[in-house]
Amino acid sequence: MSDVFTKAKRSEVMSSIRGHGNKDTELALMKLFRRHGITGWRRRQPVFGKPDFVFPERRLAVFVDGCFWHGCPKHSNLPANNRAFWKKKMAANKARDQRVNRTLRKEGWRVVRIWEHGLAKRGEVCIRRIQAALGTSIAPRGGTRPTGGVVGRVPPRGGP
């Protein structure tokens, strides 16, 4: 069946569609946060670049990048059709990611980017990267906890 819109109208319609993240990967990371006692994160915060997770007290932005849309060197394959368009699109996506990283860092944020495939296959490694950025480490729930009190929890506002 042929398209009911002209090429220009289809482009306009498609450009107005805005995604809201990859729900499955975000849910997987939320489960890991909970299992490891990582708190203080928020979603859908008004931070430049729209991070998937924000730790406002620690000024940490976490992005879970989809392998296709962000050009994963291991898993991203350009579609065979309209290859020139997709090359340009992927290059623009990568440039935007770099611009977001630079801008957030200039504003005093730390940025962690996790590949979708890394979260699926090596979630514990991803958690350790986030804990390192937060300056924390904590054993999974049910495991032994490090000495020195509760680590990984953000104190309430106004002090400890």
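Structure shown above.
Structural notes, computed from the coordinates. (Residues numbered from 1 in each chain as written. Predicted model: local features only at pLDDT ≥ 70, side-chain atom pairs only at ≥ 80, totals over all residues. Heavy atoms only, no water.)

**What to know about the packing of aromatic side chains**
Right, so step 1: Counting across every chain of the model gives five aromatic pairs.
Right, so step 2: Judged by centre distance (5.2 Å) and plane angle (80 degrees), the rings of F33 and F53 are edge-to-face. Of this pair, F33 sits in helix α2 (residues 23–35) while F53 sits in strand β1 (residues 53–55), and the two are 20 residues apart along the sequence.
Right, so step 3: Given a relative accessible area of 0%, F33 falls into the buried group.
Right, so step 4: Under the relative-accessibility criterion, F53 is labelled buried at 0%.
Right, so step 5: Judged by centre distance (5.0 Å) and plane angle (80 degrees), the ring pair of F85 and W86 falls under edge-to-face.
Right, so step 6: Sitting over the face of the ring of F63, R113 holds its NZ or CZ atom 4.1 Å from the ring centroid. (Phe/Tyr/Trp six-rings, centres within 6.5 Å; stacked < 30°, edge-to-face > 60°. Helix = DSSP H or I, 4+ residues; strand = E, 2+ residues; numbered from the N terminus. Buried < 20%, exposed > 50% of the residue type's maximum accessible area, 1.4 Å probe, protein only. Lys NZ or Arg CZ within 6 Å of the ring centre and 35° of its normal.)

**Concerning the pairing of strand β2 (residues 60–65)**
Right, so step 1: Buried residues dominate β2, accounting for six of its six residues.
Right, so step 2: Taking every second residue as pointing to the same face, both faces of β2 are buried, with L60, V62 and V64 on one and A61, F63 and D65 on the other.
Right, so step 3: Pairing of β1 with β2, which is carried by three bridges, proceeds in the antiparallel orientation. Counterpart to F53 in the pairing with β2 is V62.
Right, so step 4: Taking the residues between adjacent antiparallel strands as the criterion, β1 and β2 are bridged by four residues, where R59 takes a positive phi near 55 degrees.
Right, so step 5: Of the pairings in the sheet, the one linking β2 to strand β3 (residues 110–115) comprises six bridges and is parallel in character. If you follow D65 over to β3, its bridge partner there is W115.
Right, so step 6: Viewed along the sheet, the connection from β2 through helix α3 (residues 83–106) into β3 turns out right-handed. (Pairing = 2+ DSSP bridges. Right-handed = clockwise from strand over helix to strand, strands pointing away.)

**Description of the nonpolar core**
Right, so step 1: L29, F33, F55, L60, V62, I114 and I130 are the most contacted members of the largest nonpolar core, which has 19 residues in total.
Right, so step 2: When contributions to this core are tallied by element, the ones reaching two or more residues are α2, β1, β2, β3 and α5 (123–134).
Right, so step 3: In terms of residue count, the dominant contributor to this core is α5 (five residues).
Right, so step 4: The contact partners of L29, leaving out residues within four places of it in the chain, are F53, V62, V64, I114, L119, I127 and I130.
Right, so step 5: Judged by nonpolar contacts, the second largest core, of eight residues, contains A61, V100, W109 and V111. (Core = buried A, V, L, I, M, F, W, Y, C linked by side-chain atoms within 4.5 Å. Contact = heavy atoms within 4.5 Å.)

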